[in-house]
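Examining the three-dimensional arrangement
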Amino acid sequence: MIEQKIVPHLWFNQEAKEAAQFYTSIFPNSKITNITTIHDTPSGDSDTVSFNLAGYSFMAINGGPHFHFNPSISFFVNFDPSRDENARGNLDQLWEKLSQGGTPLMPLQEYPFSKRYGWIQDKYGLTWQLILTNPDGEERPFIVPSLMYVQDVCGKAEEASDFYLSVFNESRRGSIARYPAGMEPDKEGTLMFTDFMLEKQWFAAMDSAQSHTYKFNEAISLLVQCENQAEIDYYWEKLSSDPKAEQCGWLKDKYGVSWQIWPEVMSEMMANGTNEQMDRLTKAFLKMKKFDIEKLKEAFNGN
């Protein structure tokens, strides 16, 4: 049984391995779990890296210079004084390390919603929201991916999170806070913040009507690990809304978020395959839009 069904997937130009080493060196209890090189992709040879930050799984790939991180998807890092007596000191320490070569988007200081909070873009372009959480509320995990709905999908954070809650199991809404009147350009009633659980994992979402120059793209996708073909078919049908974006297990939903619908067995094959098996597997999957598990296994086994 997979512990984390939905895994954030990070697209780097060539720095996947270096970035994973950097993140695992600055987050507590973290490690790289697998590195596999795929040959002859459209971007040449690509490293795929799986790593774990404080018990939370990520995947990364060297995919070439096609996509760049932006703040539309960021990662909350929750420092909870009720669980960690040195929460504030640990927050400041992580902020300092992420700041090396990085750019603060919101300075580290006190805000109405937190005694200590800052939003930082690190040297690779990935953005993190470090927050000293209110220890009174329901406990939240250390790392929570956050989706910001801007430009043409601004005002859709509630609709989108309702949609995801309807698609995934073990799902429920957490807290919800709306913009009050007088916060223009943000419209009264749109979401200042909500969090919600999909497959027992927490996510956050917000609307922002500020003039952002970016929106969701493929640099950060959400990879759904599927046990069988029926699951792949189900998520593909529910989530895909743009036939042009369907490629190699990737799709885009109606809000512009990229997902990868990924057979669990693919991770096993990639971790254990010989070079020949990997080459056959790569040739097979590069031709596919939605993954066909049987065909992938046949290619891997040389049938």
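See the structure printed just above.
Attention here is on the structure that accompanies the text.

About the criteria used
For every chain, the first residue of the written sequence is number 1, and numbering continues from 1 along that sequence. Under the rules for a predicted model, residues below a pLDDT of 70 receive no local features and side-chain atom pairs below 80 are neither given nor counted, while totals for whole chains, interfaces and linings still include all residues. Remark: hydrogens and water are excluded; side-chain values derive from all non-hydrogen atoms of the structure. Put simply, a nonpolar core is a bunch of buried Ala, Val, Leu, Ile, Met, Phe, Trp, Tyr and Cys residues held in one set by side-chain atoms that sit within 4.5 Å of each other. The buried label goes to any residue with under 20% of its type's maximum accessible area, the exposed label to any with over 50%, and the partly exposed label to all in between, with areas taken from a 1.4 Å probe on protein chains only. In this description, contact between two residues means that some pair of their heavy atoms is separated by no more than 4.5 Å. Salt bridges are defined as contacts in which a side-chain nitrogen from Lys or Arg sits within 4 Å of a carboxyl oxygen from Asp or Glu. Runs of E in the DSSP output that reach at least two residues are strands. Runs of H or I that reach at least four are helices, and both are numbered from the N terminus. To get an axis, a line is fitted to the C-alpha atoms, and for a helix only the part in contact is used. The angle between two axes follows their N-to-C directions and goes from 0 to 180 degrees. Three residue categories are used. Nonpolar comprises Ala, Val, Leu, Ile, Met, Phe, Trp, Tyr, Cys and Pro, charged comprises Asp, Glu, Lys and Arg, and polar comprises the others, including Gly. For two strands to pair, DSSP has to find at least two bridges joining them. Whether two aromatic rings pair depends on their centres lying within 6.5 Å, for rings of Phe, Tyr and Trp, where Trp uses its six-membered ring; planes under 30 degrees apart make the pair stacked, over 60 edge-to-face, and the rest tilted. Any Lys NZ or Arg CZ found within 6 Å of a ring centre and within 35 degrees of that ring's normal is scored as a charge over the ring.

Looking at the nonpolar core
In this structure, L10, Y23, W128, Y149, Y164, W259 and I261 are the most contacted members of the largest nonpolar core, which totals 87 residues. Here Y149 is in contact with C154, K156, A157, A160, Y164, A205, M206, D207, S208, F216 and Y255, once residues within four sequence places are set aside. In this structure, Y111, W119, M197 and M206 belong to the second largest nonpolar core, which totals 14 residues.

Topic: the pattern of salt bridges
For the structure on display, the rule yields 14 salt bridges. Ionic pairing is found between K215 and D152, a salt bridge with its closest N-O pair at 3.9 Å. With K215 in the loop between strand 12 (201-207) and strand 13 (220-226) and D152 in the loop between strand 9 (143-149) and helix 3 (157-167), this pair connects stretches of sequence that are 63 residues apart. Given a relative accessible area of 40%, K215 falls into the partly exposed group. Residues D162 and R173 are paired through a salt bridge, measuring 2.7 Å at the closest nitrogen-oxygen approach. Taken together, the residues D162 in helix 3 and R173 in strand 10 (residues 172-178) connect sequence positions 11 residues apart. On the accessibility criterion, D162 (41% relative accessible area) is partly exposed. By sharing partners, the salt bridges in this structure join D80, R83 and E139 into a single network.

Points about the side chain of K252
Relative to the helices and strands, K252 is located in strand 14 (residues 250-252). Not counting the four nearest positions on each side in its chain, K252 is found in contact with E218, L239, S240, S241, D242, A245, V257 and S258.

Details of the packing of helix 5 (residues 264-272) against helix 6 (residues 275-286)
Helix-helix packing: each pair is described by the crossing angle between the helix axes and the interaxial distance. For the pair helix 5 and helix 6, interaxial distance at closest approach is 10 Å and the crossing angle is 145°. Contact residues: M266, M269 and M270 in helix 5; M278, L281 and F285 in helix 6. Classifying every residue of the contact of helix 5 with helix 6 by side-chain character gives 6 nonpolar, no polar and no charged.

Considerations on the sheet that holds strand 10
Read across the open sheet, the 8 strands follow the order 6-7-8-5-9-12-11-10; overall the sheet is mixed. Each end of this open sheet is capped by a strand with a single partner; those strands are strand 6 (103-111) and strand 10. For this sheet the average axis-to-axis angle between neighbouring strands, irrespective of direction, equals 20°. Both strand 10 and strand 11 (residues 191-198) contribute to a ladder of 5 bridges, which runs antiparallel. The residue bridging R178 from the neighbouring strand is L191, located in strand 11. Of the strands in this sheet, strand 9, strand 10, strand 11 and strand 12 are in contact with helix 3, which crosses strand 11 at around 5°.

Some thoughts on the pairing of strand 9
Here strand 9 lies mainly inside the structure; 7 of its 7 residues are buried. Across the two faces of strand 9 the burial is the same, with I143, P145, L147 and Y149 and V144, S146 and M148 all buried. Direction of pairing for strand 9 relative to strand 12: parallel, over a ladder of 4 bridges. Bridged to M148 within strand 12 is M206.

As for the packing of aromatic side chains
For any two aromatic rings, the description comes down to two numbers: the centre-to-centre distance and the angle of the planes. Tallied over the full model, the rule gives 33 aromatic pairs. Geometrically, the ring pair formed by F168 and Y235 is stacked, given 5.1 Å between the ring centres and 25° between the ring planes. Residue F168 is found in the loop between helix 3 and strand 10, and its partner Y235 is found in helix 4 (residues 229-239); the two are separated by 67 residues along the sequence. The pair F168 / Y235 is uniform in exposure class, with both members buried. When the ring of F196 is compared with that of F203, the centres are 6.1 Å apart and the planes differ by 20°; the resulting orientation is stacked. What makes F196 buried here is its relative accessible area of 1%. Directly above the ring of F163 sits K254, whose terminal nitrogen or CZ lies 4.2 Å from the centroid.

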